[in-house]
Amino acid sequence: MKLSFNQGKVWVVNGIIKISDEKYPRLLREIDSPPEILYYKGDWDNSIFENCLAVVGSRRMTTYGKLITNKLVSEIARAGVTIVSGFMFGIDATAHKATIDAGGRTIAVMPCGIDMVHPAHQEDLYKEILEHRGLIISEFESTHPPGLWTYPKRNKIVAGISKAAMVVEAGHKSGSLITAELAKKYKRRLFAVPGPLTSVLSKGTIQLIKEGAEIVTSTEDILVEYDINIEVVRESSMQGLNELEQSIIKKLQEEPMEIDALTRLIKISTSEIATALSLTQIKGLVFEEGGKYYVD
Amino acid sequence: MLIKVCSAANSGLETIGVDVEVNLANRGLPAFEIVGLPSKAVDESRERVKTAIVNSNIEFPTKRITINLAPADLPKEGSFYDLPIAIGVLASIMNCELPEKSLFFGELSLDGTLRHTKGALLLSLFAKEKGIKSIFVPKASANEAAIIKGVRVYPVESINQLLAYLLGQIPLEPAKYREVKSEVVQAEFDMAEILGQEQAKRAMEISAAGGHNFFMVGSPGSGKTMLARALPGILPILAERESLEVTKIYSASGRIPPEGSLIKIRPFRAPHHTISQVGLIGGGSRPQPGEISLAHRGVLFLDEFNEFPRGVLESLRQPMEDGHLTISRSRERVKYPSRFILVASANPCPCGYLYHPKKSCTCTQREVEKYKKRVSGPLLDRIDLYIEVPVVDIKELSKNQQLRNSSSLEIRARVEKAREMQKNRFKEKEIYTNAEMKNAHIKKYCFLSKEVKQLLLQAGMAFQLSARSYFKMIKVARTIADLEDSDGIRVSHMAEALQYRPRDQIRDK
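Bear in mind the structure is a predicted one, so any value in this text is a computation, not a measurement.

A. Structural view of the layout of surface pockets. All names here are of chain B. Taken as a whole, the second largest pocket holds about 1,400 Å³ of empty space. The wall of the second largest pocket is formed by 45 residues, among which Gly211, Tyr432, Thr433, Ala435 and Glu436 lie closest to the centre. Within the residue set of the lining of the second largest pocket, elements represented by two or more residues are α9 (240–252), α13 (317–322), α16 (408–425), α17 (439–445) and α19 (467–483). Ranked by residues supplied to the lining of the second largest pocket, first place goes to α16 with five residues. Here the residues of the lining of the second largest pocket sort into 15 nonpolar, nine polar and 21 charged.

B. Seen up close, the environment of A:Ser20. Residue and element names in this part refer to chain A. Note on placement: Ser20 falls in the loop between β2 (15–18) and α1 (26–29). Taking the relative accessible area as the measure of exposure, Ser20 reaches 64% and is therefore exposed. Sequence-wise, Ser20 and Ser269 are 249 residues apart; in three dimensions their C-alpha atoms are separated by 61 Å.

C. Quick look at the confidence of the model for chain B. Residue and element names in this part refer to chain B. When pLDDT is averaged along chain B, the result is 88, and 95% of the positions lie at 70 or above. In this model residues 505–509 is a low-confidence stretch, pLDDT under 50, and it forms 20 contacts with partners more than four residues away in sequence or in other chains. For this predicted complex, the interface confidence score (ipTM) comes to 0.73, while the overall pTM stands at 0.71.

D. Structural detail: the pairing of strand β3 (residues 37–42) of chain A. Residues and elements named next belong to chain A. Burial runs high along β3: five of the six residues are buried. As judged from the four bridges shared by β2 and β3, these two strands associate in the antiparallel manner. Across the sheet, the residue bridging to Gly15 is Tyr40, located in β3. Across four bridges, the pairing between β3 and strand β8 (residues 135–138) is antiparallel.

E. Molecular detail of helix α5 (residues 150–161) of chain A. For α5(A), which comprises 12 residues, the first-to-last C-alpha distance of 17 Å matches the rise-based estimate of 16 Å (1.5 Å per residue) to within 8%. For α5(A), the set of buried residues is A:Thr150, A:Arg154, A:Asn155, A:Ile157, A:Val158, A:Ala159, A:Gly160 and A:Ile161.

F. Region of interest: the pattern of salt bridges. All names here are of chain B. Following the criterion strictly, the structure yields 34 salt bridges over all chains and no others. With a closest N to O distance of 3.1 Å, Arg468 and Asp381 form a salt bridge. In this pair, Arg468 is assigned in helix α19 and Asp381 in the loop between α14 (365–374) and β18 (383–389), connecting sequence segments 87 residues apart. Relative accessible area serves as the criterion here: at 55%, Arg468 is assigned to the exposed category. Look at Asp381 and you get partly exposed, because its relative accessible area is 27%. Asp482 is paired through a salt bridge with Arg425; the nearest N and O atoms lie 2.6 Å apart. With Asp482 in helix α19 and Arg425 in helix α16, this residue pair connects regions lying 57 residues apart in the sequence. On the basis of relative accessible area, Arg425 is assigned to the buried category, the value being 15%. Several salt bridges share partner residues, and in doing so they unite Arg202, Glu205, Arg414 and Glu496 into one network.

G. Representation of the sheet that holds strand β9 (residues 152–156) of chain B in the model. All names here are of chain B. Read from one edge to the other, the open sheet built from three strands follows the order β5-β8-β9, with strand pairing classed as parallel. Both outer strands of the open sheet, β5 (102–104) and β9, are each paired with one neighbouring strand and no more. Averaged over all adjacent pairs, the angle separating strand axes in this sheet is 20 degrees, with direction ignored. Here β5 pairs with strand β8 (residues 134–138) via three bridges, running parallel. Directly across from Phe104, in β8, lies its bridge partner Phe136.

Conventions adopted
- Residues numbered from 1 in each chain as written.
- Chains lettered and ligands numbered in written order.
- Predicted model: local features only at pLDDT ≥ 70, side-chain atom pairs only at ≥ 80, totals over all residues.
- Heavy atoms only, no water.
- 1 Å grid on protein atoms, 1.4 Å probe; cavity = no way out; pocket = protein on both sides within 12 Å on 5 of 7 lines; lining within 4 Å.
- Points joined across faces, edges and corners; volume = space filled by probe spheres on them.
- Helix = DSSP H or I, 4+ residues; strand = E, 2+ residues; numbered from the N terminus.
- Nonpolar A, V, L, I, M, F, W, Y, C, P; charged D, E, K, R; others polar.
- Buried < 20%, exposed > 50% of the residue type's maximum accessible area, 1.4 Å probe, protein only.
- pLDDT = per-residue confidence, 0-100.
- Contact = heavy atoms within 4.5 Å.
- Pairing = 2+ DSSP bridges.
- Expected span 1.5 Å × (residues − 1).
- Salt bridge = Lys/Arg side-chain N within 4 Å of Asp/Glu carboxyl O.
- Axes fitted to C-alpha atoms, helices over the stretch in contact; angles between N-to-C directions.

Structure, rendered in structure tokens:
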């Protein structure tokens, strides 16, 4: 347990939102016995609550779990969806980090007092969430320690704030399954990511799918819930591109080709083409295999 | 009567003085013995010396001749003791004085002429070091010895000639001093001659500028070998100090041709994958430099990298790390330098045609996976740049008119400017190029702005970069920045560097 830092920045001053406030998150109001008071750190901007997706999963995350969380969350976050999670190490922390790296916003709901960082070793992530227009929220004041019953209460908020919940990886007794149950109870859409049958950590998610959760096979499955057209997202990522990058993408849409061919076609130095290709690859717009570049 | 003739023996690149003591005794049966642990070749000197003297129309003395090569407990190898022995014997019977502070060295032919003998340059360096004023070497070896200022190098054609000089009968001019000067040398393969391959050529420019090792993957016929051969031509010209180092190694291993002198172009070595470990890194009972030392200050090209035995490749690791190879034997320890740029190439799969536009690949999925796995490990760790070399379609080339091809000379000029920046950067440390930077250097010299760090992070996710790759990317980005004369590493530099990122075991993505 660790006391959170004091640096003279605006968001270190705790904020309080009461259920009677106008600013109280609308979706959270609708659950049974919503928390009366929410303590928070960060800039409270209600737009952050408009499109929330809870992303939860096992703290015993596998390599697959990390990979798929990064892959899915980065595109979902980039599309403008707020990612909500519980700040636990494993899938939660990965989801928070992926959102920040993709330039999106994330909300971390703590199972302890608002002035504590738990788990303590993730202090850097805590700072980054706040530095990147995110929010830290807790039902508990000051230095209230985490305990057996604070976690379920936190999970209620995670599920309650969100329009939908996605479970990435879960063993059959995982805490994230509780959040999944809550999502179902609150009539939020529930998604689960399939994992390898050989993995213990897929047992929970596969069971959820069997019981009726929606299977996630791509970000489209989720974004449809938020009425976000993936093409539009990709197209708008195109807006952020400079002339060269757009030119490259147009050429690749016609025909996949090698970097040298692009260099000759566009008549720009291979160095500039290489730079542009890297940037578009990182944005997830261009892919490469066997020396050939292509767009989806 | 005892005459002492000074000579020297080379052990690796080190030289020690050897005194050739010649004693002609009147008592006892005529004999001709060499003592002082001579090897067979040295012992056979007796036959060569005797025959050479007789063939020079000089009567061979019928005395008891004893030659002692001192120090007596150092094993003597080589054929160069012929001259000191012969001249010692002749000086003895002719009662002539040998010049003070002189070294004698050279192999004799049976007709009395001197043959080109390896190691003359080392002798010259030794003489300079010990304050020895003159050396007498075979004429064909004189040019290489003459690059050392302050040493008079007498080119000897035959023992008759030498004797006549020593007796004051004829003059003997020392070889003209050849100043060690860097000069611009034309490349063997000019980059302008290589069609297409824009990315590969750019990668080579980066490699040359920062000293980065690189790996090429491509089908047979994609031009990997030609590209590798063009690399020495864009490396900066050898500095004097480097030229001397290379010439020493080549002199010691007998690779300087007769009349040859200073080596001015960077070496290019391309050993076949059936080479033994000793052949590659050096060794043998009388330790000889291996390909890595023959590639010193130049390029070592390992074509068909997958085919090299693991153990052989593994043995490269330490010398690449240290920049030299030490070979220990029970009697001596020899050190050969080995700083080179490693260029490795491989096919994408066993049949070679995995990504070929026209030919189809005949390998099974398993075979391809297995093949890619063979290229792995700590050696790949030393390689900073990876490129896929496509097969160039000549027709396609003429369809889209090429950008103007830079010549090797133009590229070299850019490379030298980048090297200059590195020289200033590392002026207090022991390294000379960006490629040599270790983590501590990277921390010190490669500041990354927030945007660049952000890019690296995103790239780390998108490309699944390993921690090691991160550091490689920073080094490469630093070199790209140097090529653009930029003090700071910009986002564009890092983005370009990412295109050359290691694809683990050349796996996709």
